[in-house]
Number of protein chains: 2
Amino acid sequence: ISDNKDKTLLTLLSEEHPADIAEILEGLGPDDATYLFKLLDSELSAEALLEINEDDREKILKNLSAEEIAFEIDELDTDDAADIISELPQERVTEVISEIDDDDHAKDIVELLRYEEGTAGSLMAKELVKVKETWMVPTCVRKMRSQAQEVRRVHSIYVVDQDNHLIGRLSLKDLLVASPKDKISSIYIPKVDSVHVNDKGEDVARLMQKYDLEAIPVVDDNNVLIGRITIDDIVDLIIEEAEKDYQMAAGITEDIDADDSIFDKTKARLPWLILGLVGGLAAAAIMGGFEDALTRFPELFFFTPLIAAMAGNVGVQSSAIIVQGLANDNIKGSMVNRMFKEIGLSMVNGIILAALIFVFGFFLDYNTNISITISISLIIVIIMASLVGTFVPLILDKNGIDPAVATGPFITTSNDIFGIFIFFYIAKVILGF
Amino acid sequence: ISDNKDKTLLTLLSEEHPADIAEILEGLGPDDATYLFKLLDSELSAEALLEINEDDREKILKNLSAEEIAFEIDELDTDDAADIISELPQERVTEVISEIDDDDHAKDIVELLRYEEGTAGSLMAKELVKVKETWMVPTCVRKMRSQAQEVRRVHSIYVVDQDNHLIGRLSLKDLLVASPKDKISSIYIPKVDSVHVNDKGEDVARLMQKYDLEAIPVVDDNNVLIGRITIDDIVDLIIEEAEKDYQMAAGITEDIDADDSIFDKTKARLPWLILGLVGGLAAAAIMGGFEDALTRFPELFFFTPLIAAMAGNVGVQSSAIIVQGLANDNIKGSMVNRMFKEIGLSMVNGIILAALIFVFGFFLDYNTNISITISISLIIVIIMASLVGTFVPLILDKNGIDPAVATGPFITTSNDIFGIFIFFYIAKVILGF
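Residues numbered from 1 in each chain as written. Chains lettered and ligands numbered in written order. Predicted model: local features only at pLDDT ≥ 70, side-chain atom pairs only at ≥ 80, totals over all residues. Heavy atoms only, no water.

Draft legend 1. Quick peek at the sheet that holds strand 6 (residues 225-230) of chain B. Residue and element names in this part refer to chain B. Read across the open sheet, the 3 strands follow the order 4-5-6; overall the sheet is mixed. For this open sheet the edge positions go to strand 4 (195-196) and strand 6, each flanked by a neighbour on one side alone. The pairing of strand 5 (residues 215-219) with strand 6 spans 5 bridges and is antiparallel. Following the sheet pairing, Pro-217 is matched in strand 6 by Arg-228. Along the sheet, helix 14 (residues 201-210) contacts strand 4, strand 5 and strand 6; its crossing angle with strand 5, the most-contacted strand, is approximately 135°. (Pairing = 2+ DSSP bridges. Helix = DSSP H or I, 4+ residues; strand = E, 2+ residues; numbered from the N terminus. Contact = heavy atoms within 4.5 Å. Axes fitted to C-alpha atoms, helices over the stretch in contact; angles between N-to-C directions.)

Draft legend 2. Molecular detail of helix 5 (residues 54-62) of chain B. All names here are of chain B. Among the residues making up helix 5, those that are buried are Asp-56, Arg-57, Ile-60 and Leu-61. What you see down the axis of helix 5 is that its buried residues fit within an arc of 135°, all on one side. Relative to its buried face, helix 5 has exposed residues pointing more than 90 degrees away, namely Glu-54 and Lys-62. Looking at the buried side of helix 5, the elements it contacts are helix 2 (18-27), helix 3 (30-39), helix 4 (42-51), helix 6 (66-75), helix 7 (78-87) and helix 8 (90-99). Its side-chain oxygen placed 3.1 Å from the backbone nitrogen of Asp-55, Asn-53 serves as the N-cap of helix 5. (Buried < 20%, exposed > 50% of the residue type's maximum accessible area, 1.4 Å probe, protein only. Arc of directions from axis to C-beta. Polar contact = N/O pair within 3.5 Å; in protein donor to acceptor, adjacent residues only side chain to side chain.)

Draft legend 3. Looking closely at a negative patch on the surface. Residues and elements named next belong to chain A. A surface patch of like charges, here negative, comprises Glu-54, Asp-55, Glu-58, Asp-83, Glu-117, Glu-240, Glu-254, Asp-255 and Asp-257. Ranked by residue count, the leading element in the negative patch is helix 5 (residues 54-62), at 3 residues. Checked against the element boundaries, Glu-240 lands in helix 15 (residues 231-249). (Patch = residues over 30% accessible without salt bridge, like charges linked within 9 Å, V, L, I, M, F, W, Y side chains within 5 Å. Areas by Shrake-Rupley, 256 points an atom, 1.4 Å probe, with all protein chains shown as cover. Salt bridge = Lys/Arg side-chain N within 4 Å of Asp/Glu carboxyl O. Lys, Arg positive; Asp, Glu negative; His and termini not counted. Charge placed at Lys NZ, Arg CZ, Asp CG, Glu CD.)

Draft legend 4. Main features of the sheet that holds strand 3 (residues 166-170) of chain A. Residues and elements named next belong to chain A. Pairing is mixed in the open sheet, where 3 strands are placed in the order 1-2-3. Each edge of the open sheet carries a strand with a single partner, namely strand 1 (129-132) and strand 3. Recorded for the sheet is a direction-independent mean angle of 35° between the axes of neighbouring strands. As judged from the 4 bridges shared by strand 1 and strand 2 (residues 157-160), these two strands associate in the parallel manner. From the neighbouring strand, Val-129 faces strand 2, where its bridge partner is Ile-157.

Draft legend 5. Fine view of the domain arrangement of chain A. What the domain assignment reports for chain A is domain 1 (6-117), domain 2 (129-230) and domain 3 (262-432). Computed over C-alpha atoms, the centres of domain 1 of chain A and domain 3 of chain A are 50 Å apart. (Domains from an automatic or database assignment.)

Draft legend 6. Structural context of the pairing of strand 6 of chain B. Of all 6 residues in strand 6 of chain B, 6 are buried, a share of seventy percent or more. Between the end of strand 5 of chain B and the start of strand 6 of chain B, which pair antiparallel, lie 5 residues, with B:Asn223 showing a positive phi angle near 65°.

Draft legend 7. Broad picture of the packing of aromatic side chains. Residue and element names in this part refer to chain A. In the structure shown here, the tally under the stated rule is 12 aromatic pairs over all chains. A centroid spacing of 5.3 Å and a plane angle of 65° characterise the contact between Phe-423 and Phe-424, whose relative ring orientation is edge-to-face. Residue Phe-423 is classed as buried on the basis of its relative accessible area of 0%. The ring of Tyr-115 has Arg-114 lying over it, and the distance from NZ or CZ to the ring centre is 5.7 Å. (Phe/Tyr/Trp six-rings, centres within 6.5 Å; stacked < 30°, edge-to-face > 60°. Lys NZ or Arg CZ within 6 Å of the ring centre and 35° of its normal.)

Draft legend 8. Representation of the interface of chain B and chain A within the structure. Facing the 104 residues of chain B at the interface are 103 residues of chain A. Both sides of the chain B and chain A interface together cover about 9,800 Å² of buried area, and 63% of this is carbon and sulfur. Sorting the residues of chain B by area buried against chain A places B:Tyr246, B:Arg269 and B:Phe302 first, and these three jointly supply 8% of that buried surface. Linking chain B to chain A there are 6 salt bridges. For the interface between chain B and chain A, the tally reads 20 residue pairs in polar contact (both at pLDDT 80 or more). The element that contributes the greatest number of residues to the side of chain B that touches chain A is helix 18 (residues 298-327) of chain B, accounting for 18 residues. Here the side of chain B that touches chain A is composed, by residue class, of 55 nonpolar, 22 polar and 27 charged. (Buried area = accessible area lost by both parts, 1.4 Å probe. Nonpolar A, V, L, I, M, F, W, Y, C, P; charged D, E, K, R; others polar.)

Next up, the structure:
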């Protein structure tokens, strides 16, 4: 397609949504993509740049001069502009910023770059519609019109006092219904949710979800309005967090896609596999210690994978429930209570499973003592595994570590080892070797 | 608190957000909660009702008459009203609907109840702001004012023709800037994304995320505008889906909380544990078949848990990547290609891990033949496990089954069995027993 018909191509693409253009660009090689990218008019290309995945964006940006990048940046909202600039190598950042035509825009971007990743400050945009409480309705509408040119979507209108302190919000509906003689101070809503610039992104997301907000103002230590966060960025954050937790539970440490390189994938997957390997060696060492029992009770060794698997599964189940509960902030009540409940639950599950083992054992003609050993071990191992699964994430969380690391390989591996150890120890007591 | 000071309580609560009141109600017993609930003014109580979790809501609704419920429903948007009514027992549904004062509201709710769960129809609300292309700007503003009374938030203004066909949207910004002499047909944007009433909720969510939409109109087969979906409901949907996938990966079949009853938790957790048990029995049977090797090569039995654990971990990692890729709709390219890439990746991981086994084996003084057997088995088992992890979800997806069921216990259990079988078979070939 990319040979000569630039004009037809352009008219074709100008009808498309930037997200769709981004997909087309991702499908091309870096040179073709850059060529096509430069062809697009700057509003469209800037938006498309935003939607392209990070790897492909990096390749296109490499082919552009600082001036060309600044030109794209000029078209973007401050938050998106800051996101893209922060991906550039350090030496290009200053270069690109100095090339931005609009000085205010450049200043806002530099401010946003200062905030730490994952904070409200790093998620917010400087663009917003704000009105002073002292204005009359017609002044307000006039001022809003000029502000609205800059703001892609008017979510909420924030009301500030003379010193830019956030004091409330104005509903567009009320403004539509208001008489021209009203003053803003008489029609605004003095209650408004806001977040502090240093609040964590996940907390902002939880707040916005709980109160069904589409935008939330961001204030500094002095309650001065300095930006706003919109729901589209929060949706992206929520999805990203969910994917990270899901991958973590599966034993993948870095964000990777199905189509990433083998090297990236190995880097993300190998650490947890090595952990599993070490766990397996520990298990082998434990079993080696009970070698004497090998000839008299070989069944014990046949059932070790069963015990290990059950310990792992139960642990993962328990930890998943706790990790989600912590994420949703609904883990309440005393630890002792939770412990008794968890023991009760595991007893119920354990007894049902032990009974099944017994039934199978009867039909498959196992030695009764072996059946008893396996059944009792299973109940105890399940209780232990569910306690580990419940309390490891709770303890990690108390110590400021993301509890999500606990689910998956970490819990599985440690429960495998504990489970096997308990199993052989109980067998030793019951069977007497 | 709930003894006599109703008035102080009320003034205290009337300042709170419905979501916070919901939390207070959840903390009370059903009788106190109902008492407090009836005390609240109906707008606040209706909103709070919406935010309460399903179990507690059911208890409060049980204590209310059909008339009282209808009174709450009257205050809610059609989509929320339909959600609550659909939770009632069938015989109360008709009763409540007949008690709703506003006939149009009742009709809209009945219409929404017809749509299947999980479709765009079940997510949409009937409330929206729509204008006809033939109107002039002042007429439009006047009509919008009266429509806006009913709509909590004016997201987008949809433009329809005489027969209610969706033909575009109007930006509030453009309306603010427009001159009173303009006709809507000259200022509206003729491009608007919309979804069909039968589209799946997840697809709607993907579309809204991709295009950063805050509301999307819903049309029927004839492109007639029949409702709109707002981002807050989509945020809830995304979180719910992510939680379901996370729980599924951990072997939990139903949506449960950390504080659900033992019975509910057992119901959700036991099926997967039984699957694991059956897998463990199969593994025991396989190992029993190789009993002859027990005395000569006891190490084989010590290392079985290691092999099983690695097979399980690798399978879960591979399947998690594919399940997420499918959810994000970015699994492209040929199957054969994917297979070679997956084999390459597993070879790299497998060889590194096998080398580690060798090093450990050297220091722990293992028999060389045993080390070779374990190392080679590990590489082959990892390749097999990653192929199973990759292709099982792909095949499930092709057959219209949610691939998320594949991650977790299902993959772990089957890979355990395969892994152990392969391990002993390779051992038999290498060690010759």
